[in-house]
Amino acid sequence: MAVHVLDAMVRDGFEELVALHDRSSGLRAFLAIHDTSRGPAFGGLRRFAYRDEKSALMDCLRLAKAMSMKCALAGVNGGGAKLVLFDHPGLDRAAAYRSIGRSIERLAGRYYAGPDVGTGTAELSNVAFETKYVTHPGPAGPGDLPGATAAGVFAGMRAALVHLDGEEAWEDRTVVIQGLGSVGQRLAVRLIGLGARVSGVDLDEATCDRARGLGVEILESGSELDKAADIFCPCAMGGLLHDLTIQRIAARAVCGAANNPLARSHHAERLHARGILYVPDFVINSGAVIRGAGFHLDGRATPLDEIEARIGEVTTDVLRKAAEEAIPPFVLAKRVAEQRIRVARNAADSERQSALGAGDAPRERATAGDELTTESTSS
Ligand code: NAD
């Protein structure tokens, strides 16, 4: 496997990478902890039929880092992690998730797990048999996490429209949603309720039927990028925006829940060059981690309107400041997030040195109220 794992960890500041194998259940998984200098690491459990170890590992690392950036921008006192497990016909799902639960328990609160693609109520319940460091899917948990994510993405869409047009008359707007699952469907309901015209695609027929019943116009799969719209909303998998697809996008803005929709960072520049407003995923899809982390750390399920207001404010700031600097919002948001993480790391390092009697007083920590202004020194 031609991946220089330690080089990648050093380059992007990862703290820990664990490979998990459980003989009896057939579990094979990677857990990456990106950063814990702002607090414990939060991140979902993704079960997917990865084609090989390299693609699973790269997905794990990218998603864990994105979680740190989300937390930093949303003012969550936590960092990012991700666990990805191979889905395969021989996997004993219940036993595999219980094995994952035991591994998480051994980390003693350094990592809190939550839902993600392939991990829903049943799987989380199995994890919760073994550890308390997991977002409980039942009444003992923080409640509707996809709803929290949809609230944040909607706030992002609203901020994007106001940024572009100075108003948000939804009855004059069209939105195309790729992926009509938990988040996509909630967004569709909200948008249709406001009078917007919503179309979309999903690979799953039953999901399409349900969405059709809600008033979504179902498009031919693959045609969603070419459909003229105000907003294209990716709510399926990541990596869909690359050299070939960006040429085809016929929407004025891209704003959705999918993690890491850009195949590479430089694709933000491509979208910008085409005059398409790309609202960064890690700015707007933090609703679930705001709610989940708040529940674990403070015992409070943040109300959806609070999440919406908080993410709306951050998005508006990011779009405005990026426009002032004439750079893609992605570049600005990444810079701010990385700087906040760096400040927290410096403070944590200083605290450790002070504890050893060898260092300066702790430096200032990044907090929820941080201004978006940054020095322009990050990569
Ligand atoms: P989900 O699994 O409920 O829904 C995803 C839907 O996308 C499914 O219905 C699936 O059939 C469909 N799909 C997959 N590939 C597709 C393709 N190529 N074209 C069209 N449809 C496709 O997932 P979700 O919880 O709604 O999350 C959606 C995205 O948002 C994921 O990328 C997830 O990582 C991200 N996200 C979710 C949350 C959350 O709270 N659920 C939080 C942050 C980010």
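Residues numbered from 1 in each chain as written. Predicted model: local features only at pLDDT ≥ 70, side-chain atom pairs only at ≥ 80, totals over all residues. Heavy atoms only, no water.

1. Some details on the overall build of the protein
Part 1 of the argument: The helix and strand tally for the protein stands at 13 helices and eleven strands.
Part 2 of the argument: The C-alpha radius of gyration computed for the protein amounts to 20 Å, which stays within 12% of the reference 21 Å derived for 379 residues, consistent with globular compactness.
Part 3 of the argument: With respect to the three principal axes, the spread of C-alpha positions in the protein is 60 × 50 × 45 Å.
Part 4 of the argument: Looking at the protein alone, contacts between residues at least 24 apart form 66% of all its contacts between residues at least 6 apart.
Part 5 of the argument: Working note: accessible area of the protein is about 16,300 Å², and carbon and sulfur atoms make up 51% of it.
Part 6 of the argument: Once the 44 positive and 49 negative side-chain charges of the protein are each reduced to a mean point, those two points are 3 Å apart. (Helix = DSSP H or I, 4+ residues; strand = E, 2+ residues; numbered from the N terminus. Rg over C-alpha atoms; globule rule 2.2 N^0.38 Å. Contact = heavy atoms within 4.5 Å. Areas by Shrake-Rupley, 256 points an atom, 1.4 Å probe, with all protein chains shown as cover. Lys, Arg positive; Asp, Glu negative; His and termini not counted. Charge placed at Lys NZ, Arg CZ, Asp CG, Glu CD.)

2. Topic: the pairing of strand 9 (residues 229-234)
Part 1 of the argument: For strand 9, the buried fraction is high: six of the six residues fall into the buried class.
Part 2 of the argument: Direction of pairing for strand 6 (residues 174-178) relative to strand 9: parallel, over a ladder of four bridges. Bridge assignment links isoleucine 177 to a residue of strand 9, and that residue is cysteine 233.
Part 3 of the argument: Bridging between strand 9 and strand 10 (residues 251-254) involves three bridges; their strand directions are parallel. The partner of alanine 229 across the bridge, within strand 10, is alanine 251. (Buried < 20%, exposed > 50% of the residue type's maximum accessible area, 1.4 Å probe, protein only. Pairing = 2+ DSSP bridges.)

3. Focus on the site of the ligand
Part 1 of the argument: Around the ligand, 21 residues are found, and the nearest of them are Thr149, Ser182, Val183, Asp202 and Ala236.
Part 2 of the argument: Threonine 149 places a polar side-chain atom, nitrogen or oxygen, 2.6 Å from an oxygen atom of the ligand.
Part 3 of the argument: At 3.0 Å from an oxygen atom of the ligand is found a side-chain nitrogen or oxygen belonging to asparagine 259.
Part 4 of the argument: For the shell around the ligand, the elements supplying multiple residues, two or more each, are helix 5 (145-165) and helix 6 (182-193).
Part 5 of the argument: Top element by residues in the shell around the ligand is helix 5. It accounts for three residues.
Part 6 of the argument: Its residues assigned to classes, the shell around the ligand comprises nine nonpolar, seven polar and five charged. (Near = heavy atom within 4 Å. Polar contact = N/O pair within 3.5 Å; in protein donor to acceptor, adjacent residues only side chain to side chain. Nonpolar A, V, L, I, M, F, W, Y, C, P; charged D, E, K, R; others polar.)

4. Let's talk about empty space enclosed by the protein
Remark: the empty space left among the atoms is shown by a probe the size of a water molecule rolled over them.
Part 1 of the argument: Scanning the entire structure with this criterion turns up one cavity of 30 Å³ or more.
Part 2 of the argument: Approximately 40 Å³ is the volume found for the largest cavity.
Part 3 of the argument: If you trace the largest cavity, you find it lined by Lys70, Leu73, Ala74, Val283, Ser286, Arg310, Ile311 and Val314.
Part 4 of the argument: Counting only elements with at least two residues in the lining of the largest cavity, the list comes to helix 2 (53-74) and helix 12 (304-325).
Part 5 of the argument: Grouping the amino acids of the lining of the largest cavity by side-chain chemistry returns five nonpolar, one polar and two charged. (1 Å grid on protein atoms, 1.4 Å probe; cavity = no way out; pocket = protein on both sides within 12 Å on 5 of 7 lines; lining within 4 Å. Points joined across faces, edges and corners; volume = space filled by probe spheres on them.)

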